[in-house]
Amino acid sequence: MQDISLLVVDDHALFAEALQARLSREPGLRPIRVAFTAASARACLADHRSQVALLDVALGDDSGVELAGYIAETAPATKMVMLTAADTQESAEEVVAVLRRGARGWLPKTVDVDHLVRVIRGVAAGEAWLSPRLLGLALPALLAGGGAARPSPLGRLTAREREVLQFLVDGMSRAEIALRLHLSANTVRTHTQNLLSKLEAHSTLELVAVAMRQGLRVSGR
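Rules used throughout
- Residues numbered from 1 in each chain as written.
- Predicted model: local features only at pLDDT ≥ 70, side-chain atom pairs only at ≥ 80, totals over all residues.
- Heavy atoms only, no water.
- Buried < 20%, exposed > 50% of the residue type's maximum accessible area, 1.4 Å probe, protein only.
- Helix = DSSP H or I, 4+ residues; strand = E, 2+ residues; numbered from the N terminus.
- Pairing = 2+ DSSP bridges.
- Right-handed = clockwise from strand over helix to strand, strands pointing away.
- Axes fitted to C-alpha atoms, helices over the stretch in contact; angles between N-to-C directions.
- Contact = heavy atoms within 4.5 Å.
- Phe/Tyr/Trp six-rings, centres within 6.5 Å; stacked < 30°, edge-to-face > 60°.
- Lys NZ or Arg CZ within 6 Å of the ring centre and 35° of its normal.
- Core = buried A, V, L, I, M, F, W, Y, C linked by side-chain atoms within 4.5 Å.
- Salt bridge = Lys/Arg side-chain N within 4 Å of Asp/Glu carboxyl O.
- Parallel < 35°, antiparallel > 145°, perpendicular 65-115°, else oblique.
- Nonpolar A, V, L, I, M, F, W, Y, C, P; charged D, E, K, R; others polar.

S.K.: I'd love a proper account of the pairing of strand β1 (residues 4-9), names of residues and values included.
M.R.: Among the six residues in β1, six count as buried, and that is most of the element. Residues of β1 alternate between two faces, with Ile4, Leu6 and Val8 on one and Ser5, Leu7 and Val9 on the opposite face, all of them buried. Bridging between β1 and strand β2 (residues 29-35) involves five bridges; their strand directions are parallel. In the sheet register, Val9 faces β2, and the bridge partner there is Ala35. Handedness of the β1-helix α1 (residues 13-23)-β2 crossover: right-handed. Judged from the four bridges that link them, β1 and strand β3 (residues 52-56) form a sheet pairing that is parallel. Along β3, the bridge assignment pairs Leu6 with Val52.

S.K.: With reference to specific residues and values, describe the sheet that holds β2.
M.R.: Note on sheets: strands pair through backbone hydrogen bonds, and any given pair is parallel or antiparallel. Strands sit in the order β2-β1-β3-β6-β7 across an open sheet of five strands; the sheet is parallel. Strand pairing shows two members of the sheet lacking a second neighbour, β2 and β7 (103-108), which therefore form its edges. Mean inter-strand twist for the sheet, computed between neighbouring axes without regard to direction, equals 20 degrees. Bridging between strand β6 (residues 79-84) and β7 involves five bridges; their strand directions are parallel. Looking across to β7, one finds that Met82 is bridged to Trp106. Packed on one face of the sheet, α1 meets β1, β2, β3 and β6 and runs near 175 degrees to β2. Contacting β1, β3 and β6, helix α3 (residues 64-74) runs over the sheet at an angle of about 155 degrees to β3.

S.K.: Break down unusual backbone geometry for me, citing the residues and quoting the values.
M.R.: Across the junction of Arg30 and Pro31, the peptide omega takes the value -5 degrees, indicating a cis bond. As for its position among the elements, Pro31 is in strand β2. Non-glycine residue His182 carries a positive phi angle of around 55 degrees. Judged by its relative accessible area of 74%, His182 is exposed. The phi dihedral of Glu200 falls on the positive side, at around 55 degrees, and the residue is not glycine. Turning to its location among the elements, Glu200 is positioned in the loop between α9 (185-198) and α10 (204-213). A relative accessible area of 62% means that Glu200 is categorised as exposed.

S.K.: I'd love a proper account of the packing of aromatic side chains, names of residues and values included.
M.R.: How two aromatic rings sit relative to each other is set out by the distance from centre to centre and by the angle between their planes. In the structure shown here, the tally under the stated rule is zero aromatic pairs. In this structure, Arg42 is placed above the aromatic ring of Tyr70, and the distance from its NZ or CZ to the ring centre is 5.5 Å.

S.K.: Let's hear about the nonpolar core: which residues, and what values?
M.R.: Grouped together as the largest cluster of nonpolar side chains are 27 residues, with contacts concentrated most on Leu7, Val9, Leu55, Leu67 and Ile71. Residue assignment for this core shows that the elements contributing at least two residues are β1, α2 (38-47), β3, α3, β6, α4 (92-100), β7 and α6 (132-142). The element that contributes the greatest number of residues to this core is α3, accounting for five residues. Sequence-distant contacts of Ile71, that is, excluding residues within four places in its chain, are made with Leu45, Ala53, Leu55, Pro76, Thr78 and Met80.

S.K.: Describe the pattern of salt bridges, with residues and values.
M.R.: Under the definition given, this model contains nine salt bridges. Across the salt bridge formed by Arg22 and Asp114, the nearest N and O atoms sit 3.9 Å from each other. Placement of the pair is Arg22 in helix α1 and Asp114 in helix α5 (residues 113-124), with a sequence separation of 92 residues. Here Lys198 and Glu73 are joined by a salt bridge, their closest N and O atoms 3.0 Å apart. Here the residue Lys198 occupies a position in helix α9, and Glu73 occupies one in helix α3, the gap between them amounting to 125 residues. Residue class for Lys198 comes out buried when judged on its relative accessible area of 12%.

S.K.: An account of the packing of helix α7 (residues 159-169) against α9 is requested, with residue identities and associated values reported.
M.R.: A packed helix pair is summarised by two numbers, namely the angle formed by the two axes and the spacing between the axes. Between α7 and α9, whose axes approach to 10 Å, the crossing angle comes to 90 degrees. Of the possible angle classes, the one that applies to α7 and α9 is roughly perpendicular. Only His191, Thr192, Asn194, Leu195 and Lys198 of α9 make contact with α7, whose side of the interface consists of Arg160, Glu161, Val164, Leu165 and Leu168. By residue class, the composition of the contact of α7 with α9 is four nonpolar, three polar and three charged.

Shape descriptors only; they carry no functional weight alone.
Now the structure itself:
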């Protein structure tokens, strides 16, 4: 039976390293890599494709939900399981958001390791896992209108594209965005062209209009 490669992404280093150590004792789960930030997770995935990624929902100043969207876009073969702190109150919107980004499971960090291992193996084999409570939260939103809810086109964006789009909604020029994100003008132009393609817009003005129809608002930053 082929080994399952894992990536653990959590900004709490002690938790991530303890989970890595515990899972490494399970047969067939290796290699197990650890990333403490969304940026290091993206770098790790660029170098090594993992079959399963365990993602913290809240990554300090970043978002595991947005990271899930990036992984779905750039590493679609990587199956994702979300991990959340025991005292986190999930919302239907958050659960549906990660499901639309391709996540296959959602578990509390307090989950029994044996159960976590079963979920990892199941997800690697193409299964999915949600608790009955979370399924009850998600289903009404997914089935709204009598059919499967259409995923937001924003879910197809990478984390960087989402950031550029937000700055466009804020009224910033490409030059200002390049300066703010420490990117070249050509890189910002490329991101903008990708946004136009993904959101099926023909101009920056239409791009902003589409983004605002999908719920983005001026951030004021």
